[in-house]
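Residue-level structure breakdown
Single-letter residue listing:
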Amino acid sequence: MRNATYATALTLMLGWLLWIGKPILLPVFAAVISVYILSTAAASMQAVPVLGRLPAWARRGLILILFTIVVVLLFILVINNLVQVVAILPQYESNLEQLITRNASLLGIENEPTWENLRSATLDQVDVRAWMTPALLSLRGFGVTLFLVVLYSSFLVAERGVMARKVMIAVGDEQMGERAISLLSRINERIGQYLFVKTVLNVILGAISFVIMLLLGIEFALFWAVLIAFLNYIPYIGSLIGVIFPVLLSLAQFGTLSMAGAVMVSLTAAQIFVAFVLEPRMMGRAFNLSPFVVLLALAFWSTLWGLPGALLAVPLTVSLVLVFAELKTTHPIAVLLSANGKV
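Residues numbered from 1 in each chain as written. Predicted model: local features only at pLDDT ≥ 70, side-chain atom pairs only at ≥ 80, totals over all residues. Heavy atoms only, no water.

Some points on unusual backbone geometry
At Phe 220, a position not held by glycine, the phi torsion is positive, near 60°. Tracing the chain through its elements places Phe 220 in the loop between helix H7 (174-216) and helix H8 (221-231). (Helix = DSSP H or I, 4+ residues; strand = E, 2+ residues; numbered from the N terminus.)

Below, the structure is given as structure tokens:
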């Protein structure tokens, strides 16, 4: 009873610390996950003919520079798209009104008083411009978070080179130090491989989605493709949300249900191809979480940190379970949290 009370109190305290420490911990966790991906990418560069001859520190530095450029371009992409959306909103509102009016005519309710009341209570009440002000104001916080992620990642990448020596000094015993380094290497390798492969899959999905939307003439195709790639980190609902946004945009852009259906079918086909064809082949020994654990992780992290928490939920949980899998004392916990008991 006493142990259960202590465990409950500790859980509540940790949850409170995570919630209150969001401004500090969120960029730190995002930077740690980024470093795993960057380090695995730098190690994979050894297979490249010219770049493979570079020393490890040079490959890590090159990957870090590319990561910084990508983050800056991402921030510029978000700003430019928000500005363009503000400029094109009147046309979108006109297309939506024509779509609703046309379908109301097909149903024979355009002249009914109830239709006018319905439109005034729904479409006329939607002021999309009012939504843009909070979005523009939140760009400052978004930019600060991206800057901190890049900054923390830079220092963490620099620290990786001396980590083994620091572990040896901290342990004191050479044999125990070698065991600790071996354990950390296995943990880092498995976490890095999972996060790197998942990121590659998301990039592939984003690229396929971009080509599809470009061929269909969807505006802001690059922005939606990047959003789809990020949302794919969120299992189950991430894919659904990633498809819904471009479908709604196609309704506003073209004002036809047929185009919206074409966008939905094509993007869903891309999601299915990546999830059921590419992912099983590329993941290999990737760790599969129990669906219940995934939902619990999503509920926990999204409640604490909102959308950023939902994006980090599965990578953080998988990383934690992979750590449990490599430790003898916590290995049974990893088995219970897995989908098929294989860790």
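What follows picks up the thread again.
A look at the packing of helix H9 (residues 237-254) against helix H10 (residues 257-283)
Describing two packed helices takes the angle between their axes plus the distance from one axis to the other. Packing of H9 against H10 brings their axes to within 8 Å, and their N-to-C directions diverge by 155°. Considering their axes alone, H9 and H10 lie roughly antiparallel with respect to each other. Judged by the sense of rotation from one axis to the other, the crossing of H9 with H10 is right-handed. Of the residues in H10, those in contact with Ser 239, Val 243, Pro 246, Val 247, Ser 250, Leu 251 and Phe 254 of H9 are Leu 257, Met 259, Ala 260, Val 263, Met 264, Leu 267, Thr 268 and Gln 271. Residues of the contact of H9 with H10, tallied by class, amount to 11 nonpolar, 4 polar and no charged. (Axes fitted to C-alpha atoms, helices over the stretch in contact; angles between N-to-C directions. Parallel < 35°, antiparallel > 145°, perpendicular 65-115°, else oblique. Left-handed = near helix turned anticlockwise from the far one by under 90°. Contact = heavy atoms within 4.5 Å. Nonpolar A, V, L, I, M, F, W, Y, C, P; charged D, E, K, R; others polar.)

What to know about H9
Its 18 residues give H9 an end-to-end C-alpha distance of 26 Å, which sits within 8% of 26 Å, the value for a rise of 1.5 Å per residue. Regarding H9, the residues found buried are Gly 238, Gly 242, Val 243, Pro 246, Val 247, Leu 249, Ser 250, Leu 251, Ala 252 and Gln 253. A positive backbone phi angle near 70° is found at Gly 255, which sits one or two residues after H9. (Expected span 1.5 Å × (residues − 1). Buried < 20%, exposed > 50% of the residue type's maximum accessible area, 1.4 Å probe, protein only.)

Concerning the side chain of Lys 198
Looking at where Lys 198 falls in the secondary structure, it is placed in helix H7. Residue Lys 198 is classed as buried on the basis of its relative accessible area, which comes to 10%. The contacts of Lys 198, once residues within four sequence positions are left out, are Asn 232, Tyr 233, Glu 279 and Met 283.

A few points about the environment of Ala 269
When you line up the elements, Ala 269 lands in helix H10. When the C-alpha atoms of Ala 269 and Ser 209 are compared, they prove to be 9.7 Å apart, with 60 residues separating the residues in sequence.

So, the nonpolar core
Among the nonpolar cores identified, the biggest contains 66 residues, and Phe 67, Leu 195, Met 213, Leu 267 and Trp 301 are the most heavily contacted of them. Of all the elements, helix H11 (residues 291-326) adds the most residues to this core, at 17 residues. Discounting residues that sit within four places of it in the chain, Phe 67 has contacts with Ser 34, Leu 38, Val 149, Val 150 and Ser 153. (Core = buried A, V, L, I, M, F, W, Y, C linked by side-chain atoms within 4.5 Å.)

Section: the packing of aromatic side chains
Applying the stated rule across the entire model yields 6 aromatic pairs. Summarising the aromatic geometry, the rings of Phe 300 and Trp 301 are spaced 5.2 Å apart at their centres and angled 85° between planes, so their arrangement reads as edge-to-face. Plain terms: the ring middles of Trp 301 and Trp 305 are 5.2 Å apart, the flat faces sit at 55° to each other, and that makes the pair tilted. Highlighted residues: Trp 301 and Trp 305, both in helix H11, separated by 4 residues, approximately one helical turn. The pair Trp 301 / Trp 305 is uniform in exposure class, with both members buried. Pairwise contacts between aromatic rings join Phe 29, Phe 300, Trp 301 and Trp 305 into one cluster. (Phe/Tyr/Trp six-rings, centres within 6.5 Å; stacked < 30°, edge-to-face > 60°.)

Observations concerning the packing of helix H2 (residues 22-44) against H11
One way to put it is that H2 packs onto H11 with a least axis distance of 11 Å and a crossing angle of 15°. Here H2 lies roughly parallel to H11, going by the angle between them. Relative to H11, the crossing made by H2 is left-handed. Contacts between H2 and H11 pair Lys 22, Leu 25, Leu 26, Phe 29, Ala 30 and Ile 33 from the former with Trp 301, Leu 304, Trp 305, Pro 308, Leu 312, Pro 315 and Leu 316 from the latter. Class assignment for the residues of the contact of H2 with H11 results in 12 nonpolar, no polar and 1 charged.

Geometry only, nothing functional implied.
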